[in-house]
Amino acid sequence: MSALGKARRIFHGGYLLTKSAFRPIFTSKMTDKTGDYSDTNGLESKTPFLIGVAGGTASGKSTVCQRIMEKLGQQHKDHAERRVVCISQDSFYRSLNPAERLRAERGQFNFDHPDAFDDKKLLAVLKDILAGKKVDIQEYDYVNNSNSSLTHTIYPADVVLIEGILVFYFPEVRDLFHMKLFVDTDSDTRLARRVPRDIMERGRDLEQVLNQYMNFVKPAFEEFCLPTKKFADVIIPRGADNLVAIDLIVHHTWDIMYKKRPGARLVNGCGGEDEATNGRLAIDLIVQHISEYLKRAPREAPAAAEYPGFSSSVPGSPQRSGKIGRPH
Ligand SMILES: Nc1ncnc2c1ncn2[C@@H]1O[C@H](COP(=O)(O)OP(=O)(O)O)[C@@H](O)[C@H]1O
Ligand SMILES: O=c1ccn([C@@H]2O[C@H](COP(=O)(O)O)[C@@H](O)[C@H]2O)c(=O)[nH]1
């Protein structure tokens, strides 16, 4: 079986951990809401917490989202039980006219330009999600450069991750996020990942991948994606390898799912361009993480199931010494 066929089989088998020719969507359904969001300063009590995850192509955005889902114990839950959902901006590419379609087939269409997206549709869907509505999202088919006929229903969730190269580009969309993450992986690494991925999973040949990269992907990254890094609350160097950053985010997200919404006061309005506000959210995450880390002692530690815990990535961490810290 070809690599492409294998990737598709993975998708059709319903095992969505591996990125295939189609963008995986992790669906979620609202279950009992134990969170007390009453002090969220104007945010609706059941407003999902919206996290934007931006970064260049193949920076690891989807992988970071998968790690967050895994650490929150959502990945292996029945879809109907999940409280966290991840959707991709790629499901919001606009339809192409016949001439554009032809260019796309030759690798001559710029899928990295903001004009390639239907930002109005993305905005409307995100507003529906924030309003607690159920939405239908189409899977994107990279082999055919268009939306596939597969549609996923996204049920109201506690936490919604939206990942994509330009999720912070459109101001109205950007302003909806309660937390903004930017996955910062160097261009050499990204190109080295993109080439095999596009060949094996997206049905391209080497020449096409490299031409598309040099003509469109790289210049558009520099012009449209990279400048949006400044809007991020948290920048994640090295993507999914950065276990400390992922722990910070998971910890914060855990509190949103099961306790209350710390930081809501800071991000309410989600101005994004307010550096002080952005700085405070990042500092809040770090302070919260460190204080949890310091106050944990074995006799106080709740059951492992209650909080996914810190990874052993911190050199000399209590978890490594076996004195303090929770099991994974
Ligand atoms: N930390 C990592 N180490 C090695 N390979 C990775 C890492 N993160 C992602 N990849 C691989 O790189 C490719 C692109 O990753 P992905 O998460 O899909 O990026 P994006 O969503 O930003 O396009 C995938 O084939 C993925 O398996
Ligand atoms: O039909 C398409 C649609 C998109 N692309 C490329 O995909 C990436 C975005 O996906 P990542 O997973 O973030 O890499 C973008 O750079 C487009 O160039 C495509 O090739 N064909």
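Residues numbered from 1 in each chain as written. Chains lettered and ligands numbered in written order. Predicted model: local features only at pLDDT ≥ 70, side-chain atom pairs only at ≥ 80, totals over all residues.

*Asks:* Sorry if this is basic, but what is going on with the overall build of the protein here?
*Replies:* Helix and strand content of the protein: eleven helices and seven strands. The proportion of buried residues among the 328 residues of the protein is 41%. Relative to all contacts within the protein whose residues are 6 or more apart in sequence, the contacts with residues 24 or more apart total 75%. (Helix = DSSP H or I, 4+ residues; strand = E, 2+ residues; numbered from the N terminus. Buried ≥ 20, exposed ≤ 12 C-beta atoms within 10 Å, placed from the backbone. Contact = placed C-beta atoms within 7 Å.)

*Asks:* What is the right way to read the sheet that holds strand β5 (residues 159–163) from this model?
*Replies:* Spatially, the five strands line up as an open sheet ordered β2-β5-β1-β6-β7, and their pairing is parallel. Looking at which strands have only one partner, the edges of the open sheet turn out to be β2 (84–88) and β7 (234–237). Averaged over neighbouring strand pairs, the angle between their axes works out to 20 degrees when direction is ignored. Direction of pairing for strand β6 (residues 179–184) relative to β7: parallel, over a ladder of four bridges. (Pairing = 2+ DSSP bridges. Axes fitted to C-alpha atoms, helices over the stretch in contact; angles between N-to-C directions.)

*Asks:* Could you clarify how one ought to interpret the site of ligand 2 in this entry?
*Replies:* Near ligand 2 the following residues occur: T57, A58, K61, D90, Y93, F111, D112, Y142, N145, I165 and V217. Within the shell around ligand 2, the residues separate by chemical class into six nonpolar, two polar and three charged. (Near = placed C-beta within 6 Å. Nonpolar A, V, L, I, M, F, W, Y, C, P; charged D, E, K, R; others polar.)

*Asks:* Which parts of the structure should I look at to understand the nonpolar core?
*Replies:* One recurring pattern in soluble globular proteins: nonpolar side chains tend to sit buried together. Among the nonpolar cores identified, the biggest contains 61 residues, and I51, V53, I68, V159, L161 and L181 are the most heavily contacted of them. Take this core: its biggest share by element is seven residues, from helix α8 (residues 243–258). For L181, the residues in contact, after removing those within four places along its chain, are I51, G52, V53, A232, V234, I236 and I249. (Core = buried A, V, L, I, M, F, W, Y, C linked by C-beta atoms within 7 Å.)

*Asks:* What is the right way to look at the site of ligand 1 in this model?
*Replies:* In the region of ligand 1, 14 residues are neighbours, and G60, K61, S62, T63 and R193 sit closest. The set of elements that each furnish at least two residues to the shell around ligand 1 consists of α2 (61–71) and α6 (187–201). With three residues, α2 is the largest single contributor of residues to the shell around ligand 1.

*Asks:* Honestly, the pairing of strand β1 (residues 49–55) in this entry has me stumped. Any pointers?
*Replies:* The side chains of a regular strand alternate, first on one face of the sheet and then on the other. Of all the seven residues making up β1, seven are buried; the element is thus mostly covered by neighbouring parts of the structure. Here β1 shows no split at all, with F49, I51, V53 and G55 on one side and L50, G52 and A54 on the other all buried. With five bridges joining them, β1 and β5 adopt parallel strand pairing. For G52, the partnering residue across the bridge sits in β5 and is I162. Where β1 meets β6, five bridges bridge the pair, whose relative direction is parallel.

*Asks:* Hey, could you run me through helix α7 (residues 206–225) in this one?
*Replies:* One turn of the α-helix equals 3.6 residues, which is why residues spaced by three or four share an orientation. With 20 residues, α7 should cover 28 Å at 1.5 Å per step; its first-to-last C-alpha distance of 24 Å lies more than 12% under that length. Of all the bends in α7, the greatest measures close to 50 degrees and is centred on Y213. Where α7 is concerned, the buried positions are V209, Q212, Y213, V217, A220, F221 and C225. Residues of α7 that are buried in the fold lie against β1 and α6. (Expected span 1.5 Å × (residues − 1). Bend = angle between axes of the 7 residues up to and from the residue.)

*Asks:* Explain unusual backbone geometry here, please?
*Replies:* Only a minority of non-glycine residues have a phi that is not negative, and only a minority of peptide bonds are not trans. For A58, which is not a glycine, the phi torsion comes out positive at approximately 60 degrees. Tracing the backbone shows A58 in the loop between β1 and α2. Despite not being glycine, N145 shows a phi value in the positive range, around 55 degrees. Of note, N145 is situated in the loop between β3 (135–141) and β4 (146–154).

*Asks:* How should the packing of α6 against α7 be read in this particular structure?
*Replies:* Working note: a packed helix pair is described by the angle between its axes plus the distance between those axes. At their nearest, the axes of α6 and α7 sit 9 Å apart, and the two run at 135 degrees to each other. Here α6 is positioned oblique relative to α7, judged by the angle of their axes. For the crossing formed where α6 meets α7, the hand is right-handed. Counting all contacts with α6, which are made through L191, R194, V195, D198 and I199, the residues of α7 involved are L206, V209 and Y213. Residues of the contact of α6 with α7, tallied by class, amount to six nonpolar, no polar and two charged. (Parallel < 35°, antiparallel > 145°, perpendicular 65-115°, else oblique. Left-handed = near helix turned anticlockwise from the far one by under 90°.)

*Asks:* Please explain the confidence of the model for the protein as it appears in this structure.
*Replies:* In regions of low pLDDT, the predicted coordinates are not meant to be interpreted in detail. This prediction gives the protein a mean pLDDT of 75; 64% of its residues lie at or above 70. Within the protein, no element has a lower average pLDDT than helix α11 (residues 318–321), which sits at 32, and none a higher one than helix α5 (residues 171–174), at 98. Long-range and interchain partners of residues 1–20, a stretch whose pLDDT sits below 50, account for 25 contacts in this model, where long-range means more than four residues apart. In the predicted structure, residues 262–278 sits below a pLDDT of 50 and forms 31 contacts with residues beyond four places in sequence or in another chain. Reported confidence for the predicted complex is 0.99 by ipTM and 0.77 by pTM. (pLDDT = per-residue confidence, 0-100.)

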